[in-house]
Amino acid sequence: MYPETLRIEGTQLPYFRTPEFGDLMKESERWFLESLNAPEGASFIGLTSSGTGAMDAAVSNLLSEEDKVLVINGGSFGARFSHICDHYGIPHEDYMIPFLHAFDREEFEKYSGKEFTALLVNACDTSTGQLYDLDYLGDFCERNGMLFIVDAVSAYLADHIDMQSQHIDAVLTASQKALALSPGAALVCLGEKALERVGRGKRAYYFDFADYLENQKRGQPPFTSAVGTMLALHERLKTVNEKGIDAMNALHADRASYFRSALRELPLQMPDIPLSNSCTPVLFPERNATEVYEALSAKYGIYLTPSGGDWKDIQLRVGHLGNLDTEDYDDLIEKLKGELDQ
Ligand SMILES: *Cc1c(COP(=O)(O)O)cnc(C)c1O
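Thresholds applied
- Residues numbered from 1 in each chain as written.
- Predicted model: local features only at pLDDT ≥ 70, side-chain atom pairs only at ≥ 80, totals over all residues.
- Heavy atoms only, no water.
- Axes fitted to C-alpha atoms, helices over the stretch in contact; angles between N-to-C directions.
- Helix = DSSP H or I, 4+ residues; strand = E, 2+ residues; numbered from the N terminus.
- Parallel < 35°, antiparallel > 145°, perpendicular 65-115°, else oblique.
- Contact = heavy atoms within 4.5 Å.
- Nonpolar A, V, L, I, M, F, W, Y, C, P; charged D, E, K, R; others polar.
- 1 Å grid on protein atoms, 1.4 Å probe; cavity = no way out; pocket = protein on both sides within 12 Å on 5 of 7 lines; lining within 4 Å.
- Points joined across faces, edges and corners; volume = space filled by probe spheres on them.
- Domains from an automatic or database assignment.
- Salt bridge = Lys/Arg side-chain N within 4 Å of Asp/Glu carboxyl O.
- Buried < 20%, exposed > 50% of the residue type's maximum accessible area, 1.4 Å probe, protein only.
- Buried area = accessible area lost by both parts, 1.4 Å probe.
- Polar contact = N/O pair within 3.5 Å; in protein donor to acceptor, adjacent residues only side chain to side chain.

1. Topic: the packing of helix H9 (residues 227–243) against helix H10 (residues 245–263)
- At a closest axis distance of 6 Å, the pairing of H9 and H10 adopts a crossing angle of 100°. When the axis of H9 is compared with that of H10, the two are roughly perpendicular. Contacts between H9 and H10 involve Arg236, Val240 and Lys243 on the former and, on the latter, Ile245, Ala247 and Met248.
- Classifying every residue of the contact of H9 with H10 by side-chain character gives 4 nonpolar, no polar and 2 charged.

The structure is reproduced here in structure tokens:
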């Protein structure tokens, strides 16, 4: 976390049903929408939930049994969108991408002209680090008249997201990734086409977007806000606004490329897929990844992100989100080297 976040999150919380808190949320809304280059008329929703709450809310508010949804299922977060559709009985087909395989545009084109009504994608499926081509997917949705819903939980601030040029209808993210805040707040931005669908499904109670949109007119959520996280969010979004989104993307791109070039000196590999700036998947051809994870955490308190299921002993992920700098990566490379030499 950044020092300013720690300072804000360490202070007493104010009562939030006040015009002051409402004004602060309205300002956060403006900065968030600007950072996404949201189109005219787009709206903001702040949820008290983790990122999955926003995925759930986007599906249950914007899609129904009458839709035919295409899901890009290339990792555990793509699978989550698929499960959420199953949960609500929303007809869907999954474009499956096997582990270590890149999205294949030619293969994907077979879904064109098949009367799909919406596309669900994780800009970066954080379980694999793969970054999907939102320019192409936005164009695909535009050509096919599909609603384009993007989970940018890990990609927000790290990778280029532009609602207007990428024809995105709904974007969602969460407080605990690049914003580097406490968990507990999820942010959603809805463009006009998404807004037209709000209120159709009526499946959600706590997550009913209509209720949030009405209340957000005065900067208030219908239920108790993650007040502390929202105050720290306001400060982070102010910084994003001051520095500009391109500079934020560049910051993450620089960290990722710094780490990736240092990694080339080690007997480790990176998958040959388009990678997000949010994290680097590292493959361990010679060592057991779980053992390296355990050694680094036990000896140095350095936590890389382990992978689940079948990839557990093969892949770790190195994060580029939050208050990290080149020295952190120098330190990590040195310790990784020591570990691999053993
Ligand atoms: C982290 C993440 C989420 C949200 O997970 P939660 O644990 O619910 O916050 C959703 N999608 C992606 C791509 C993520 O990286």
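2. Some words on empty space enclosed by the protein
- Per the stated rule, a full pass over the model turns up 4 cavities of 30 Å³ or more.
- In this structure, the largest cavity encloses a volume near 70 Å³.
- In terms of lining residues, the largest cavity is bounded by Phe21, Met25, Ile45, Gly46, Tyr212, Gln216, Gly219, Gln220, Pro221, Ser225 and Met230.
- Those elements giving two or more residues to the lining of the largest cavity turn out to be helix H2 (19–35), strand E1 (43–48) and helix H8 (209–216).
- In terms of residue class, the lining of the largest cavity is built from 6 nonpolar, 5 polar and no charged.
- When its volume is computed, the second largest cavity comes out at roughly 60 Å³.
- Lining the second largest cavity are Gly74, Ile97, Pro98, Phe99, Leu100, His101, Thr128, Gln130, Pro271, Ile273 and Gln315.
- Residues of the lining of the second largest cavity, tallied by class, amount to 6 nonpolar, 5 polar and no charged.

3. Considerations on the layout of surface pockets
- In this structure, the largest pocket occupies an estimated 630 Å³ of space.
- Among the secondary structure elements, those contributing two or more residues to the lining of the largest pocket are helix H4 (76–87), strand E12 (315–319) and helix H12 (326–341).
- Of the residues in the lining of the largest pocket, the class split is 13 nonpolar, 10 polar and 4 charged.
- Viewed by domain, the lining of the largest pocket spans two of them, domain 1 (3–243) and domain 2 (245–341), each represented by three or more residues.
- By volume, the second largest pocket amounts to about 160 Å³.
- Taken together, Pro39, Glu40, Glu142, Met163, Gln164, His167, Ile168, Asp169, Gly191, Glu192 and Lys193 form the lining of the second largest pocket.
- Counted by class, the lining of the second largest pocket contains 3 nonpolar, 3 polar and 5 charged residues.

4. Some remarks on the pattern of salt bridges
- Tallying each qualifying case throughout the model produces 15 salt bridges.
- Note that Arg197 is salt-bridged to Asp67, the shortest N-O span being 3.0 Å. Here Arg197 is found in the loop between helix H7 (192–195) and H8, whereas its partner Asp67 is found in the loop between helix H3 (51–62) and strand E2 (69–73), with 130 residues between them in sequence.
- By relative accessible area, Arg197 is classed as buried at 11%.
- Exposure remark for Asp67: the relative accessible area of 5% places this residue in the buried category.
- For Lys238, the salt bridge identified is with Glu242, shortest N-O distance 4.0 Å. Of this pair, Lys238 and Glu242 both sit in helix H9, 4 residues apart, which is roughly one turn of the helix.

5. Focus: the domain arrangement of the chain
- Segmentation of the chain into domains returns domain 1 (3–243) and domain 2 (245–341).
- Each of domain 1 and domain 2 has a C-alpha centre, and these two points are 26 Å apart.
- Counting from both sides, the interface comprises 24 residues of domain 1 and, opposite them, 22 residues of domain 2.
- A combined buried area of about 2,000 Å² lies between domain 1 and domain 2, and 65% of that area is made up of carbon and sulfur atoms.
- Taken together, domain 1 and domain 2 are joined by 10 residue pairs in polar contact (both at pLDDT 80 or more).
- Elements supplying a minimum of two residues to the side of domain 1 that touches domain 2: strand E6 (130–131) and H9.
- Top contributing element to the side of domain 1 that touches domain 2 by residue count: H9, with 3 residues.

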